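Observations on the model geometry
One letter stands for each residue in the lines below.
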Amino acid sequence: MSGLTPETVLEIIELDEGGLAIRNMDSDEEPMIKVNFSDALKEQLSDQYLDVARVMLTAGIQMMAESGVGLENEPEEIPPTIH
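Here's a quick rundown of the structure.

Things to note about the overall build of the protein
- Summing up its helical and strand segments, the protein has 2 helices and 3 strands in all.
- Sequence-ordered secondary structure for the protein, helices as α and strands as β, is β-β-β-α-α.
- A fraction of 35% describes how many contacts in the protein between residues 6 or more apart in sequence connect residues 24 or more apart.
- When the accessible surface of the protein is summed, it comes to about 6,500 Å², and 51% of that surface belongs to carbon and sulfur atoms.

Some words on the side chain of Ser 27
- The residue Ser 27 is located in the loop between strand 2 (20–24) and strand 3 (33–35) in this model.
- Residue Ser 27 is classed as buried on the basis of its relative accessible area of 15%.
- From its side chain, Ser 27 meets the backbone nitrogen of Glu 29 in a polar contact 2.9 Å long.

Section: the sheet that holds strand 2
- If you trace the 3 strands from one edge of the open sheet to the other, you get 1-2-3, paired in antiparallel fashion. In this open sheet, the two edge strands, each paired with only one partner strand, are strand 1 (10–14) and strand 3. With strand direction ignored, the average angle separating the axes of adjacent strands in the sheet is 25°.
- Where strand 2 meets strand 3, 3 bridges bridge the pair, whose relative direction is antiparallel. From the neighbouring strand, Ala 21 faces strand 3, where its bridge partner is Lys 34.

Here we look at the pairing of strand 1
- Of the two faces of strand 1, the one holding Glu 11 and Ile 13 is buried and the one holding Leu 10, Ile 12 and Glu 14 is not buried anywhere.
- The pairing of strand 1 with strand 2 spans 5 bridges and is classified as antiparallel. When the sheet's bridge partners are listed, Ile 12 is paired in strand 2 with Ile 22.
- Linking two consecutive strands that pair antiparallel, namely strand 1 and strand 2, is a turn of 5 residues; a positive phi of about 105° is found at Gly 18 within it.

Structural notes on the nonpolar core
- Within the largest apolar cluster, 11 residues are counted, these being Leu 20, Ile 22, Met 32, Ile 33, Val 35, Phe 37, Tyr 49, Ala 53, Leu 57, Ile 61 and Met 64.
- At the level of secondary structure, the elements contributing two or more residues to this core comprise strand 2, strand 3 and helix 2 (48–67).
- At 5 residues, the largest contribution of residues to this core is made by helix 2.
- Ignoring any residue separated from it by four or fewer positions in sequence, one finds Ala 53 in contact with Leu 20, Val 35 and Phe 37.

Some points on the pattern of salt bridges
- The tally for this structure, following the rule as stated, stands at 3 salt bridges.
- The salt bridge involving Glu 30 is made with Lys 34; its shortest N-O contact spans 3.4 Å.
- When its relative accessible area of 61% is taken as the criterion, Glu 30 is described as exposed.
- The class for Lys 34 is partly exposed, based on a relative accessible area of 42%.
- When the shortest N-O distance is used, the salt bridge between Asp 51 and Arg 54 registers 2.8 Å. With Asp 51 and Arg 54 both in helix 2 and 3 residues apart, this pair spans about one turn of that helix.
- Residue Arg 54 is classed as partly exposed on the basis of its relative accessible area of 42%.

About the criteria used
- Residues numbered from 1 in each chain as written.
- Predicted model: local features only at pLDDT ≥ 70, side-chain atom pairs only at ≥ 80, totals over all residues.
- Heavy atoms only, no water.
- Helix = DSSP H or I, 4+ residues; strand = E, 2+ residues; numbered from the N terminus.
- Contact = heavy atoms within 4.5 Å.
- Areas by Shrake-Rupley, 256 points an atom, 1.4 Å probe, with all protein chains shown as cover.
- Buried < 20%, exposed > 50% of the residue type's maximum accessible area, 1.4 Å probe, protein only.
- Polar contact = N/O pair within 3.5 Å; in protein donor to acceptor, adjacent residues only side chain to side chain.
- Pairing = 2+ DSSP bridges.
- Axes fitted to C-alpha atoms, helices over the stretch in contact; angles between N-to-C directions.
- Core = buried A, V, L, I, M, F, W, Y, C linked by side-chain atoms within 4.5 Å.
- Salt bridge = Lys/Arg side-chain N within 4 Å of Asp/Glu carboxyl O.

So this is what it looks like as structure tokens:
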């Protein structure tokens, strides 16, 4: 999987088996994050399962970006504050 750069454009896609995923828009590589729901939960959530999946996928990408995981450039190290 190639890393994310500041200009990376991500897209949420629906997978053939019914799950949702996030992938780099300019790539045919395997999606970075996948979310699947059981049929029972999909039925309980009705159309809201799409909103739940979108929030879960967005949170995953945000956490990756904040932690530097999957990024090509290492996160800038913040020097310690000496008092």
